[in-house]
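The lines below spell out each chain.
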Amino acid sequence: MAKDAHAPDGAPDQVRAMAREGKRLSRSFSWLAALGALLVIGGVVGLIYTAAATLTSMLLFGWLLLIGGVVGLLQAIQSRGTSYFWLAVVVAALNIAAGVVVIRHPEGSAEALTMFAALLFLTGGVFRLVGSVVVRGPQFGWTLLQGAFGLLLGLLVLFDWPDSSRYVLGVFFSLALLFDGLGLIAIGVGGRRIVGMVSPTPLPDRPPEPSESGPDQSNN
């Protein structure tokens, strides 16, 4: 009886399965790269239209607060009777209230957050400057540069406030989209290359070899 030479160890089936898995992973990395391209496009558009990006980021922030507050409130209701029930209710109520305020007043919320960001830049820059001068560690120059840059950025945002609130948050939001998109594109393209390098190529099916008993019987 004729037998396939590839059948005993099941190697062709394993190769085909690995090839199918490689194609699936390659498609997943392609979708990841496509998502990164969309984020890059959104980041570039946001850098061009910073005012719209600021308003969009504030609305997204408000909706995230609102949805997070509702989810937290539902979880608090499910955990009633525990010691942290009222704390969870208060935190959820604050998130809901903050989300409603941000959604209804995105421009005023942008002004407040821009002021907060400017103060963070100022305090962070001052601490880095003072720390680099006092400690004088191996990263003295780099820490001094970071402190000076943070202090200068905080002063620029603060001196132009509240007009700076129209573009500062939008620029930060757009830059975050841009760099996240570039990272996803790099992961997607690199992942496709690695999968293509390690994925085996399925071998074509070979016809079964003729049995040795057939010719012997015909000769007899």
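Residues numbered from 1 in each chain as written. Predicted model: local features only at pLDDT ≥ 70, side-chain atom pairs only at ≥ 80, totals over all residues. Heavy atoms only, no water.

Caption draft 1: Inspection of the overall build of the chain at higher detail. Each helix and strand counted, the chain has seven helices and zero strands in total. The helix and strand sequence of the chain, counted from the amino end, reads α-α-α-α-α-α-α. Taking all 220 residues of the chain together, 24% fall into the buried category. A separation threshold of at least 6 residues defines the contact pool for the chain, and within that pool the share at least 24 residues apart is 82%. With the model as given, the accessible surface of the chain reaches about 15200 Å², and the carbon-plus-sulfur share is 70%. (Helix = DSSP H or I, 4+ residues; strand = E, 2+ residues; numbered from the N terminus. Buried < 20%, exposed > 50% of the residue type's maximum accessible area, 1.4 Å probe, protein only. Contact = heavy atoms within 4.5 Å. Areas by Shrake-Rupley, 256 points an atom, 1.4 Å probe, with all protein chains shown as cover.)

Caption draft 2: Representation of the side chain of threonine 54 in the model. Tracing the sequence through the fold places threonine 54 in helix H2 (residues 50–78). Leave out the neighbours within four places in its chain, and threonine 54 touches Ala110, Ser165, Arg166, Tyr167, Leu169 and Gly170.

Caption draft 3: Expanded view of a nonpolar patch on the surface. A contiguous nonpolar patch, built from Leu35, Leu38, Ile41, Val44, Val45, Ile48 and Tyr49 and spanning about 700 Å² of accessible area, is present on the exposed surface. Mapped onto the elements, tyrosine 49 comes out in the loop between helix H1 (11–48) and H2. (Patch = residues over 30% accessible without salt bridge, like charges linked within 9 Å, V, L, I, M, F, W, Y side chains within 5 Å. Salt bridge = Lys/Arg side-chain N within 4 Å of Asp/Glu carboxyl O.)

Caption draft 4: Fine view of the nonpolar core. Judged by nonpolar contacts, Met58, Leu65, Val102, Ala110 and Leu169 together constitute the single largest core of five residues. Excluding residues that lie within four positions of it along the chain, leucine 169 makes contacts with Thr54, Ser57, Met58, Ala110, Leu113 and Thr114. (Core = buried A, V, L, I, M, F, W, Y, C linked by side-chain atoms within 4.5 Å.)

Caption draft 5: Broad picture of the packing of H2 against helix H3 (residues 85–104). Where H2 meets H3, the axes come as close as 7 Å, and the angle between the chain directions of the two elements is 155 degrees. Classed by the angle they form, the pair H2 and H3 counts as roughly antiparallel. As for the relative orientation of H2 and H3, their crossing is left-handed in sense. Along the lines of polarity and charge, the residues of the contact of H2 with H3 split into 19 nonpolar, five polar and no charged. (Axes fitted to C-alpha atoms, helices over the stretch in contact; angles between N-to-C directions. Parallel < 35°, antiparallel > 145°, perpendicular 65-115°, else oblique. Left-handed = near helix turned anticlockwise from the far one by under 90°. Nonpolar A, V, L, I, M, F, W, Y, C, P; charged D, E, K, R; others polar.)

Caption draft 6: Highlighting the side chain of serine 109. Within the element layout of this structure, serine 109 appears in helix H4 (residues 106–135). With residues near it in sequence (within four places) discarded, serine 109 still touches Met58, Val101 and Val102.

Caption draft 7: Highlighting the confidence of the model for the chain. Averaged over all residues, the pLDDT of the chain equals 75, while 77% of them reach at least 70. Scored below 50 in pLDDT, residues 1–8 makes ten contacts in the model with residues more than four places away or belonging to other chains. (pLDDT = per-residue confidence, 0-100.)

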